[in-house]
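# Secondary and tertiary structure notes
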Amino acid sequence: MREYTGLEIAVIGMSGRFPGAEDLNEFWDNLKNGVESIQSLSDEDLIKEGEIRSMLDNPLYVKASSYLDNKEYFDSAFFSYRPDEARLMDPQTRIFHECVWKALEGAGCNAFEYKGKIGLFAGASSNLNWEVYSNFINKDGLVDDFSAMLLRNVEFINTRISYLLNLRGPSIFLTTACSTSLVSIQQACKSLLTAECNIAIAGGVTIKNHSKKVYLFKDGGINSQDGHCRAFDELSNCTVIGEGVGVVVLKTLKNALKDRDNILAIIIGNGINNDGNNRVGYTAPGIDGQ
């Protein structure tokens, strides 16, 4: 029988939504079957999204996007919001509500009855366009200015959900660019090991305003020239920016075994670093560090 160090963390619940996958089962099936979830878009799609026709003939215009379906829907009544409040809320906040709830359900945890502390560590993308739009559509004043600001500002995503779901542990918003979700997990593990909380939820979300927004290819940039993402492949040539949300529910392995939780995975170690200036540029990876 394997001996554990006491530093292991158990994953006892998960949820997620990704392009082409409404849940984790569908996401796993896509991975197994090699389904590419980047969509090629027609000129008609792009015109409906608001693109000007003159852009469509530009040879550098890459007509590909990776986006969530049905992201405009939200059961506001279930989460005790009025429709006018939900209308102002950043879509990232809406969907993250749903995924945190679903992850806790999967972990068999009722936060309103749980006696210990549940922490929440997560991040989201900045969304200035939504803040401007949300401010504009509230001109009728159905929501007071202060409440409207809290709804449209994604930095309140964690404390808002912690309030709604009765989570009494640390509630920390993080942003470390591309590594936000993984750093959230690292911080959640540390919080569990230092007994700041008994259960920790960690994850991240990115939702764009336009489902079918595409891009102009620029040599030396991070966007793919052909609209495909081929990770770990010799034909790889950058990426396609997409949308998605992922959430995990964590507990120390010792406590998960004691509580007879359904253990989906075990984190046996984690760490965090920065490569300083030992790289060719600020946005480049550090070879020695990796």
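Residues numbered from 1 in each chain as written. Predicted model: local features only at pLDDT ≥ 70, side-chain atom pairs only at ≥ 80, totals over all residues. Heavy atoms only, no water.

### Concerning the sheet that holds strand 5 (residues 118–124)
Hydrogen bonds along the backbone pair up the strands of a sheet, which may run parallel or antiparallel. Threshold: A pair of strands is treated as paired once DSSP finds two or more bridges between them. The way it works is that DSSP assigns letters per residue, a run of H or I at least four long becomes a helix, a run of E at least two long becomes a strand, and they are numbered from the N terminus. Working convention: axes come from line fits to C-alpha atoms, limited for helices to the stretch in contact. Angles between N-to-C directions cover 0 to 180 degrees. Two residues qualify as a contact provided that any one of their heavy atoms is within 4.5 Å of a heavy atom in the partner residue.
The strand order across the open sheet built from 6 strands is 6-5-7-9-1-10, with neighbouring strands paired in mixed fashion. Edge strands, defined here as strands with exactly one partner in the open sheet, are strand 6 (171–173) and strand 10 (265–267). Here the average twist between neighbouring strands, direction ignored, is 25 degrees. Across 7 bridges, strand 7 (residues 199–206) lies against strand 9 (residues 244–252) in antiparallel orientation. Looking at the pairing, Gly-204 lines up with Gly-246 of strand 9. Across the sheet, helix 7 (residues 157–165) is in contact with strand 5, strand 6 and strand 7; its angle to strand 6 comes to roughly 155 degrees.

### Here's the deal with helix 4 (residues 91–106)
In plain terms, the rule: For a helix, the expected span equals 1.5 Å multiplied by the residue count minus one. Partly exposed residues are those whose accessible area sits between 20% and 50% of the maximum for their type, while under 20% is buried and over 50% is exposed, using a 1.4 Å probe and protein chains only. Here a polar contact is taken to be a pair of N or O atoms separated by no more than 3.5 Å, where protein atoms must pair a possible hydrogen donor with a possible acceptor and residues adjacent in sequence count only if both atoms sit in side chains.
Under the 1.5 Å per step criterion, the end-to-end length of helix 4 is 23 Å for 16 residues, consistent within 8% with the ideal 22 Å. Where helix 4 is concerned, the buried positions are Pro-91, Gln-92, Thr-93, Arg-94, Ile-95, Phe-96, His-97, Cys-99, Val-100, Ala-103 and Leu-104. The backbone nitrogen of Gln-92 lies 2.8 Å from a side-chain oxygen of the residue at the head of helix 4, namely Asp-90. Two residues or fewer past helix 4, Gly-108 is found with a positive phi of approximately 70 degrees.

### A word on unusual backbone geometry
The phi dihedral of Asn-166 falls on the positive side, at around 65 degrees, and the residue is not glycine. You can call Asn-166 partly exposed: its relative accessible area is 27%.

### Section: the pairing of strand 9
Along strand 9, 8 of the 9 residues are buried, which leaves the element largely enclosed by surrounding structure. One ladder, built from 8 bridges, connects strand 1 (residues 9–17) with strand 9; its direction is antiparallel. Along strand 9, the bridge assignment pairs Ile-9 with Thr-252.

### Section: the nonpolar core
Where we set the bar: To qualify as a nonpolar core, a set must consist of buried Ala, Val, Leu, Ile, Met, Phe, Trp, Tyr and Cys residues joined through side-chain atoms within 4.5 Å.
If you look at the biggest cluster of nonpolar residues, it comprises 41 residues, and the most contacted ones within it are Phe-96, Val-100, Leu-104, Leu-167, Ile-201, Val-247 and Val-249. With 6 residues, the top contributor of residues to this core is helix 4. If sequence neighbours within four positions are ignored, Leu-104 has contacts with Cys-109, Leu-165, Leu-167, Ile-201 and Val-249. The next biggest cluster of nonpolar side chains, apart from the first, holds 14 residues, and it includes Leu-174, Ala-188, Ala-202 and Val-248.

### So, the packing of aromatic side chains
Just so we agree on the cut-off: Between rings of Phe, Tyr and Trp, where Trp is taken as its six-membered ring, a pair exists when centres lie within 6.5 Å; planes separated by under 30 degrees are stacked, by over 60 edge-to-face, and by other angles tilted.
Within this structure, the stated rule accounts for 7 aromatic pairs. The interplanar angle of 25 degrees and the centroid separation of 4.1 Å between the aromatic rings of Phe-18 and Phe-27 together place this pair among those described as stacked. On the basis of an interplanar angle of 85 degrees and a centroid distance of 4.9 Å, the ring pair of Phe-78 and Phe-79 is categorised as edge-to-face. An aromatic cluster is built from Phe-74, Phe-78, Phe-79, Tyr-81 and Trp-101, whose rings are joined through pairwise contacts.

### Let's talk about the layout of surface pockets
Test applied: Only protein atoms enter the calculation, which uses a 1 Å grid: trapped sets of points that fit a 1.4 Å probe without letting it out are cavities, open sets showing protein on both sides within 12 Å along at least five of seven lines are pockets, and any residue with an atom within 4 Å of a point is a lining residue. Grid points are joined across faces, edges and corners, and a volume is the space filled by probe spheres set on the points. By the convention adopted, Pro, Cys, Tyr, Trp, Phe, Met, Ile, Leu, Val and Ala count as nonpolar, Lys, Arg, Asp and Glu as charged, and the other residues, Gly among them, as polar.
The space that makes up the second largest pocket amounts to roughly 200 Å³. Along the wall of the second largest pocket there are 11 residues; nearest its centre are Lys-71, Glu-72, Pro-91, Trp-130 and Asn-209. Where the lining of the second largest pocket is concerned, the elements lending two or more residues are helix 4 and helix 5 (128–137). Each residue belonging to the lining of the second largest pocket can be placed in one class, and the counts come to 4 nonpolar, 3 polar and 4 charged.

### A word on the packing of helix 4 against helix 7
Counted only if it meets this: Angle categories: roughly parallel below 35 degrees, roughly antiparallel above 145, roughly perpendicular from 65 to 115, and oblique for all the rest. By definition, any crossing whose near helix is turned counterclockwise from its far helix by less than a right angle is left-handed, and any crossing with a clockwise turn is right-handed.
Where helix 4 meets helix 7, the closest approach of the two axes is 10 Å, and the angle between their N-to-C directions is 45 degrees. It follows from the interaxial angle that helix 4 and helix 7 lie oblique. Both helix 4 and helix 7 take part in a crossing whose hand is right-handed. From helix 4, Gln-92, Thr-93, Phe-96, His-97, Val-100, Trp-101 and Leu-104 reach across to helix 7, where they touch Ile-157, Asn-158, Arg-160, Ile-161, Leu-164 and Leu-165.

### Some points on the pairing of strand 5
Buried residues dominate strand 5, accounting for 7 of its 7 residues. Note that strand 5 and strand 7 share 7 bridges and pair parallel. Bridging across to strand 7, Phe-121 finds its partner in Ala-202. With 3 bridges connecting them, strand 5 and strand 6 associate as parallel partners. Across the sheet, the residue bridging to Phe-121 is Ile-172, located in strand 6.

### Let's talk about the environment of Arg-82
Relative to the elements of secondary structure, Arg-82 occurs in the loop between strand 4 (64–65) and helix 3 (83–88). Note: C-alpha distance between Arg-82 and Val-143 (61 residues apart in sequence) is 9.7 Å. Not counting residues up to four positions away in its chain, the partners in contact with Arg-82 are Ser-76, Leu-142 and Val-143.

### Here we look at the pattern of salt bridges
Our working rule: One speaks of a salt bridge when a side-chain nitrogen belonging to Lys or Arg is within 4 Å of a carboxyl oxygen belonging to Asp or Glu.
Within this structure, the stated rule accounts for 10 salt bridges. Across the pair Glu-243 and Lys-71 runs a salt bridge whose closest N-O atoms are separated by 2.6 Å. Of this pair, Glu-243 sits in the loop between strand 8 (215–216) and strand 9 while Lys-71 sits in the loop between strand 4 and helix 3, and the two are 172 residues apart along the sequence. Taken as a pair, Glu-243 and Lys-71 share a single burial class, namely buried. Within the structure, one salt-bridge network assembled from shared partners comprises Arg-17, Glu-22 and Glu-98.

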